Structures are given as C-alpha cells and as structure tokens.
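The chain contents come next:
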Amino acid sequence: MTAVLSPVTPAELADAVRSAPRVLAVGGGTKPRMSRAAADVVKISTVKLRGVVEYEPSEFTFTALAGTPVREIVATLGERGQYLPFDPLFSAAGATLGGTLASGVSGPGRFRFGGLRDFVLGVRFVDGGGRLLRLGGKVVKNAAGFDLPKFFVGSVGRFGALAEVTFKVFPRPLATRTLRLDAKNATAMTEIFTAAGSARWELDALDASPGEGAVYARLAAPAPALDALAKEILSRWPGTVLADNAAAKLWSDVVEAAWAHAGGTLVKFALTPSQVPEFVAGFPAVARGWVSAGGNVGYLSLPAGAAFPSFATATEGKPAFAWPAVTLRGDVALWPGAPPRFEVMRAVKIALDPQNRFPNLDD
Amino acid sequence: MMKSPSSAAMLRRLTALLPAGRVLEAPAQLAAYESDGLTAFKTTPLAVVVLETQDEVIATVRFCRDEKIPFVARGSGTSLSGGSLPVAGGIVITLNRLNKILRLDPAQRIAVVEPGVINLAVTAAAQPYGLHFAPDPSSQSICTIGGNVAFNSGGAHCLKYGMTSNHVLGLKAVLATGEVVEFGGASREQVGPDWTGLFVGNEGLFGIALEITLQLLPRAEMFHTVLAGYRTLEQAGDAVAAVIASGLLPGAIEIMDALALEAAVAAVHAEYPPDSAAVLIVELEGPREVVAADRVRLDEILAKSGAVEVKVARDGAERMAIWKGRKSAFSAVGRLSPDFIVQDGVVPRRRLGEALRRIGEMSREAGLRCANVFHAGDGNLHPLILYNGREPDGLVRAEALAGKILRMCVEMGGSITGEHGVGVEKRDYLPDMFSADEIDCLKRVRAAFDPGELANPGKMFPVTGAPALAQHGMHPLEQAGVISRE
C-alpha cells in the first residue's frame, strides 16, 4: 500500500491526480468494496477536501467540496428547513458527498422524488489528464452540454476524481408518519408496492423488511393531512402507526444499513416490484435483506465468508444472473453477474481517462 | 440544387437499402424539412429518409457511417434551438413513423416507447391507470419523445419533477458508430455509471434512440391553481420569493409580463386582473388533504403580497383557462409583431428581478420590444424579442440582443439554456459557459460516440461558417396555434 494523498483544495486534488500513474479517490470508506483497487493504485483521500462552497436556501441548491461529510450537509440544510430528498446512505457512518455520488446509492426517500441522479446538478472533477473541469451547472434547470454530472453517479471513481458537487434540495416536509403494514411474504409486499405506487397518497418512502414480513410506508405532508391519509392506508392493509421515536430509529437504521451483517457482504440490486418475490426466494438461509423504493432497490447482506448466491434466472431460455447489482462491502465481485459491456463504454473511458490513470470499471 | 454524381450514386445505394418510396429527393419534398421550430435558420438536405422500423434506422445509420454521410434525426421538428436543422450534403432521418408504445406496465409504472411517439400520447395511454408522463414542454401535443430525449426537454414543472432526463429509466439506441446499445432498464434504480443519463440531452450527437423506457407518475389527485395580478413585475417576483421561503413546493410557478399579457388577451381572450403589469400563476398539487393544508399557507402569502387581485380556479375548466392563456402567450406574441425570437436563459431565482430589469434596459437600448414569460420557480427566462424581419437589420439586431441576454445569464451564474438545448442557435455561447478544456472534454465524449462527427454535426459546439439565416415568419403549426415556442 502506497502513501495516501490528502488534498485540501480542488487544485491540490488535480496535483494529486497528476502525481501518480494510477490513482483512485476515496471518501469516508463506508462502501469499501467500491474503492478497493490493485496495489499499484495510489489512494487520494478526500477527507480534507471539505466545506460548503455556496448555499443559497432560496435557490434550492448548494455546492460543496466532494469530501464534505453528508451529515454536515444534512445539518446545514436542516437549519434552513431543507433536505436532500433521496436520504443519502451511511450519513452517520461518515459517508462523503463525493463518495455518495460516485457510489450511486440512494436511501428510502428516493421513492417519491427520485434518487441521487435526480438531484445532482453539477460537478467539478479532475479528468485522467489531470485537468480540473466543471460540467453541468449551479441552477436547478440547465440543458447546456452533455450531462456528465449524471454520468458520474455510480461511476465509482473510474472516470474522474470529484472535487466539488452541486445538488438540488427541497424544503423539508412539515411532518411525517410511518406505518408498519403486515406483509407475510414477498408476494404480499409486491401487492402493496404496486397498489401504493399508483395511489393518491404520494408516499414519501416505501420499504420492506423480508425477514420481518413488514412493509414500512412513510407519509410526509403538513400535519393536518396525515391522520386521514394514514387511516385510509390502514383501512386497506392491516398495520400500525409507529411512534415518532420508533419511526426515527427505523429510518436512521435503514440509512445506516444497521440491519446488515457487521463486517459482511452488502450488495445492491436494481429491481422492479414484480421481481421482489424471486429476489427474496434466492436468499440463502444465512442472508438478510432489505427492499427499498417500492420494490425498485434490493439489498442483500451475507455474513463474512458466506457464499454468494447464484441468483440465476432463465432469460429468453439462457440462464443468466438476474439483476444489475453492485457490491458495497465484502469480498465478492464489484459487479456481480458481469453486466453487459458495450464498445462505447471503453471509448468513453479513453475519452475521459486516456492514460488509464483511474482503475477500469471492471477492475 | 444539382446533386453531384457521387451523391446521386450514394442516394441510389441508400434507396436500394430501404423499401420503395422512403427516400425523398424532390425539392418540394425537401422544402418541408429545411427548418425546424427555429425558423430563422434554413438548410436544404440532400435527401430525407422516412423510416418505419428500428432495423431500418440501424441500417441507415450504418450506411451513413460506411459512406461518411452526415445525418440528422428528426421527429416533429419543433426544436427551438435548431436542433433538427439539416446539414448540407447530409440526410434527414424522420422518425415519426416509429410511433409505437411497445409496452405500458401500470404495475411498474413504466412505458416503453419508440422515438416517434408524441409526448402527450404517453400520458393519454397512461391516463386510464391514473398515471402520467411528467415532462410537459409547451409543444407536447406534437413533439416526440425522441426529440425530448435528445434535447432533455423541460416544461412548467421542472423545479419539482425535473426534466426529461429524470423520467428516462433506460434506452436502446444505435450510436453513430453503428453499435446498438442498451442502457438502464425498467427499474427506477441504476447500477454503474448512468449511461442513460449521459445519453439524454446529447442533442443528437451520439446517435438515435430506438426504444425509450419512461417512468410514469401517479396523476395528482387535486390541483389548486391561483392567478394573481400585480402592478409591477418586482411585486410578482417578491411573491415568488415569499412562496419559496415558506417551504411550499408548488408544481408550477409562472410569471407573464405586461406585453405577454397583452398578447394572451388578444389571442385567446384571456382575462386578467385590470391594471396588472405582471401576472403570477402558482399551482399546488397532491392528495386533497395535503392541498387543503398547503393552500391555506399559499393564500396567506398571496394575501400579503400586494396583489391587485387573486383569482382561484374553482374547477378544471377554470384551471385549463389559466393554463391556456399562459401556454398561448408565445404564439400570441405573433399578433403583436411580424417576427420574434424566443430565448431560454436561466438565472439564479433570487436574481430574476435584476435580470428582468436589465433585459428591459437592453431591449430599450436596442430599440426592440421584449415580452417576458418565465418559469419563475426555476429561474428559466423566456424573453421574446419582437422585431420586423422586413427591416434589413431586424433579425441581426434581435440576435445581438438575444446574445447579450444569454451572456448576462452566464454572468449571473445561470445557464444559456434551461430546456431548448444549445443546438445551432446558442452554440457560439457555449464558450461563455465552459472553458476550452471543458469543451474539449465534451468533444472527446462526443467522439467516443461519434468519431466521424456524422450525427447532427454543427450543433452544440461552435463552428466556423454559419448556416444561412432566412426570414420566413412563424412555423405553420405555430400560426395554427398547435405549438408554441417555449
């Protein structure tokens, strides 16, 4: 392991990228599989590249350096009654804004207004040539140039090192209420996901715990509206209203993946609600799971050393790994199931990183 | 224009590749494709090919790659930035006949469509399930999803719901290299770099989308639409600031200035509070209980905002009337002036008042009238610059004013385009927004998708040698009131 570089400014980040033939930016290390790289890759830590650059609450936007801890941003926004609606993951554990963007993971709030990709507006990054570039914009609406900021979502640092990010934010809802609905199996979960997804209630979050046989539905609205909405949902499915402190703990545990095995493997899957039963059925006995965003995101946790399930499904007669997946923690492939790769992906890698300074997508 | 023998031979090979009657070459046939919604620009293509299947599109793009022929994909030709302006010596590929909704899945709330499907047709198909497609550019009754994807179209609801890009989950496309790719899928979640997000808004420079997976949203149960008249534009702007500061998140916040109001009154007999120099439209939406609570807050804010009058739409018909006046404002301006161009800059919302004052000053200096209609919620300005194309320097002066306005938007920390795209019209202003290195980076990405620069060349990036500026008034559909420039 070579020395870790710790730039303090975007210009220093560019210097750091240029300083070694092989580099990778690392944030808080909350998703360690994503920043694992070959021994010759020099890690650039972004922990000192922190601070809010610009925050105008009236614009519904902020710009901050990439190494800024998410929890600081959450606190700063909260003081002005605003928030990041996609509920960034691992906030308490020390996730950074840049790492959150590069990992492409969003929390339960992505159900209503969309995920990380729907709130990123602009990025400043260092390309493989060591150039500090700014693409996208700082306003909530902008169509100039290719949307590189979105491209960086989920790109795990393989195409550039993020220096600064600009996000759209929303006013925080005045009140929330969380319902625990009974769902004895995954088919019952899918039924709730499907019906609730098109219902008039405009749920704020809709997650499920397969182990518990429960679906958690969160309403976010002015307080006077909550009683009627909650009552209507509970008249449709049996369940209970969570006390405020229990609800707060539940969602904080979801955001921190407190349900997962400590020191184990954690993998994210992109699903559709109708695929949830098959996803859950594929769990080995030792596994734990969580289903988020109305059945669009699945998480699988395994204790350290447990074998990864095959999740094989027959697509058009050919057995294949069932769903797009990425590993956050643990000793399994970064992209389980080897997703399809196209020639243009290699070409874009060369365009942004001609000297192959950052690891390859599949390294 | 005489075709060279080599182009004639090339067109014979193209004709042989496709079913009979698909390659249009006669001058009268080509004339309909010389311009798009940006009517000031005009170029005659070598030919127009009318395609009906994805395989035909793939074969045609590969033909263009092999023969090194530039191509421009076109839907309904409503681009306001000249995005589908033909290339001299190139072909236009029309996609209107690839208009099938391939799949509509109400359980997953997605629609998979071909590029020629009309924007509003997606919502029409989704409506029986209580769903809709959120992006609503003003041309939505005619513009196609393929065009929306290429230009990342917006509309009146972008602050809350985002742009087209936020509603595209996946796509299949043929790239200019001839490679057929599939990005994303039916899940709302993505894994790996967001290739779909990169493709949306490529302005036709990467290739042609063949199948697009769109997310559908539940239609709001209830709307609360308010129209407030003010004696000054500043008061309307202050009201917007107060609404935003209150923590409300309206679906739409729009402002029209005096000249735009005059036009809407003349065109669709819209009724506005008397003595209003500006009108603010705010729309709340959501479950009825939420709207009931939110409207109390909105009503309080507007009551204190110094409005001449506040009108609340009592039913769906009154709501539609408010939106009709708003959406017709652009074509309505055509009644006030023989010609106009519409701009699409973005400024930080808090600087809207300052931006409007400076636009007023600049238009007075230029001796041109300028009407303003804008998406106040997201700072997206649409100044309509009125001019007379019969005056020898009319268009040139109007373009000069438009350029000043765009530069002002960049200086204020905004953007040269909120939703129309850069296209031909604003390509010379791209360097105002991005450094030489940044433009180089964009060009490298383009080259990864299109090394031969065959897909929609001449758009987005500055080039030497501009296409012909021509003067031929309103788009025929605009004259008919079917579309508007927004």
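Residues numbered from 1 in each chain as written. Chains lettered and ligands numbered in written order. Predicted model: local features only at pLDDT ≥ 70, side-chain atom pairs only at ≥ 80, totals over all residues. Heavy atoms only, no water.

Asks: Got a minute to help me understand the packing of helix 7 (residues 223-236) of chain A against helix 10 (residues 288-303) of chain B in this structure?
Replies: In the contact formed by helix 7 of chain A and helix 10 of chain B, the axes pass within 8 Å of each other and the chain directions differ by 180 degrees. Classed by the angle they form, the pair helix 7 of chain A and helix 10 of chain B counts as roughly antiparallel. Here helix 7 of chain A contributes A:Ala225, A:Ala228, A:Leu229 and A:Glu232 to the contact with helix 10 of chain B, which in turn contributes B:Arg288, B:Glu289 and B:Val290. The residue inventory of the contact of helix 7 of chain A with helix 10 of chain B, partitioned by class, reads four nonpolar, no polar and three charged. (Axes fitted to C-alpha atoms, helices over the stretch in contact; angles between N-to-C directions. Helix = DSSP H or I, 4+ residues; strand = E, 2+ residues; numbered from the N terminus. Parallel < 35°, antiparallel > 145°, perpendicular 65-115°, else oblique. Contact = heavy atoms within 4.5 Å. Nonpolar A, V, L, I, M, F, W, Y, C, P; charged D, E, K, R; others polar.)

Asks: Can you walk me through the side chain of B:Ser81 in this structure?
Replies: All names here are of chain B. Examined against the element boundaries, Ser81 turns out to sit in the loop between strand 3 (71-74) and strand 4 (91-94). Looking at Ser81, the relative accessible area reads 0%, which means it is buried. In this structure, Ser81 is in contact with Leu38, Phe151, His420, Gly421, Val422, Gly423, Val424, Glu425 and Lys426, ignoring residues within four places of it in sequence. (Buried < 20%, exposed > 50% of the residue type's maximum accessible area, 1.4 Å probe, protein only.)

Asks: Looking at this model, I keep getting lost on the interface of chain A and chain B. Mind explaining?
Replies: Where interface size is given, it is often the accessible area lost as the parts come together that is meant. Facing 72 residues of chain A, the contacting portion of chain B comprises 85 residues. Both sides of the chain A and chain B interface together cover about 6500 Å² of buried area, and 62% of this is carbon and sulfur. Interface area lost by chain A to chain B is led by A:Arg117, A:Lys141 and A:Phe146, which between them contribute 14%. Linking chain A with chain B are 11 salt bridges, by the criterion used here. Taking the shortest distance from any N to any O, the salt bridge between A:Arg117 and B:Asp194 comes out at 2.5 Å. For the interface between chain A and chain B, the tally reads 31 residue pairs in polar contact (both at pLDDT 80 or more). The residue inventory of the side of chain A that touches chain B, partitioned by class, reads 43 nonpolar, 13 polar and 16 charged. (Buried area = accessible area lost by both parts, 1.4 Å probe. Salt bridge = Lys/Arg side-chain N within 4 Å of Asp/Glu carboxyl O. Polar contact = N/O pair within 3.5 Å; in protein donor to acceptor, adjacent residues only side chain to side chain.)

Asks: Explain the nonpolar core here, please?
Replies: Where a protein is soluble and globular, its nonpolar side chains tend to be buried together. Of all hydrophobic cores here, the largest spans 158 residues; its most connected members are A:Phe62, A:Phe146, A:Leu148 and A:Phe167. When near neighbours in sequence (up to four residues on either side) are disregarded, A:Leu148 contacts A:Leu135, A:Leu352, B:Leu198, B:Leu442 and B:Val445. (Core = buried A, V, L, I, M, F, W, Y, C linked by side-chain atoms within 4.5 Å.)

Asks: Where do I start with the domain arrangement of chain B in this structure?
Replies: Residues and elements named next belong to chain B. When its domains are assigned, chain B resolves into domain 1 (5-96), domain 2 (101-218) and domain 3 (222-411). Computed from C-alpha coordinates alone, the two centres of domain 2 and domain 3 are separated by 28 Å. Taken together, the contacts link 10 residues of domain 2 with 14 residues of domain 3. Across the interface of domain 2 and domain 3, roughly 940 Å² is buried in total on both sides, 50% from carbon and sulfur atoms. Measuring nitrogen to oxygen at the nearest pair gives 3.7 Å for the salt bridge that ties Asp136 to Lys327. Counting across the interface, domain 2 meets domain 3 through one residue pair in polar contact (both at pLDDT 80 or more). Grouping the amino acids of the side of domain 2 that touches domain 3 by side-chain chemistry returns four nonpolar, four polar and two charged. (Domains from an automatic or database assignment.)

Asks: Quick question: what am I supposed to make of the sheet that holds strand 18 (residues 380-387) of chain B here?
Replies: Sheet strands line up and pair through hydrogen bonds in the backbone, either parallel or antiparallel. Residue and element names in this part refer to chain B. With antiparallel pairing, the seven strands of this open sheet are ordered in space as 15-12-14-13-17-18-16. Because the sheet does not close on itself, it has two edges, and the strands there are strand 15 (309-312) and strand 16 (339-342). On average, each strand axis in the sheet is tilted by 15 degrees relative to the strand beside it, whichever way the strands run. Where strand 17 (residues 369-375) lies against strand 18, seven bridges are found, and the strand directions are antiparallel. (Pairing = 2+ DSSP bridges.)

Asks: What is the right way to read the pattern of salt bridges from this model?
Replies: Any two side chains of opposite charge can pair, given that their charged atoms come close. All names here are of chain A. According to the stated counting rule, one finds 60 salt bridges over all chains in the structure shown. We note a salt bridge from Lys138 to Glu54, for which the minimum N-O separation is 2.9 Å. Highlighted residues: Lys138 in the loop between strand 7 (132-136) and helix 5 (148-152) and Glu54 in strand 3 (residues 52-56), separated in sequence by 84 residues. Among the residues examined, Glu54 registers a relative accessible area of 38% and is labelled partly exposed. With a closest N to O distance of 3.1 Å, Arg112 and Glu202 form a salt bridge. With Arg112 in helix 4 (residues 110-113) and Glu202 in the loop between helix 6 (186-197) and strand 11 (205-209), this pair connects stretches of sequence that are 90 residues apart. Of the residues examined, Arg112 reaches a relative accessible area of 23% and is grouped as partly exposed.

Asks: Explanation requested: the sheet that holds strand 10 (residues 207-215) of chain B in the structure shown.
Replies: Residue and element names in this part refer to chain B. Taken together, the five strands give an open sheet; going across it, the order is 5-6-10-8-9, and neighbouring strands pair in antiparallel fashion. Each edge of the sheet is formed by a strand with only one pairing partner; in this case those strands are strand 5 (101-105) and strand 9 (180-184). On average, each strand axis in the sheet is inclined to that of its neighbour by 15 degrees, with strand direction left out of account. The pairing of strand 5 with strand 6 (residues 110-113) spans four bridges and is classified as antiparallel. Looking across to strand 6, one finds that Asp105 is bridged to Ile110.

Asks: Help me out: how do you make sense of the domain arrangement of chain A in this one?
Replies: All names here are of chain A. When its domains are assigned, chain A resolves into domain 1 (10-171) and domain 2 (173-332). A separation of 25 Å is found between the C-alpha centroids of domain 1 and domain 2. Across the contact, 24 residues belong to domain 1 and 29 residues belong to domain 2. Interface area for domain 1 against domain 2, summed over the two sides, is near 2000 Å², with a carbon-plus-sulfur share of 57%. Its largest share of buried area at the contact with domain 2, domain 1 owes to Pro108, Phe111 and Arg112, together 35% of the area lost on that side. On the surface where domain 1 and domain 2 come into contact, there are three salt bridges. Notably, a salt bridge pairs Asp87 with Arg218, separated by 2.9 Å at the nearest N-O pair. Across the domain 1-domain 2 interface, the total number found is 10 residue pairs in polar contact (both at pLDDT 80 or more). With three residues, the top contributor of residues to the side of domain 1 that touches domain 2 is helix 4.

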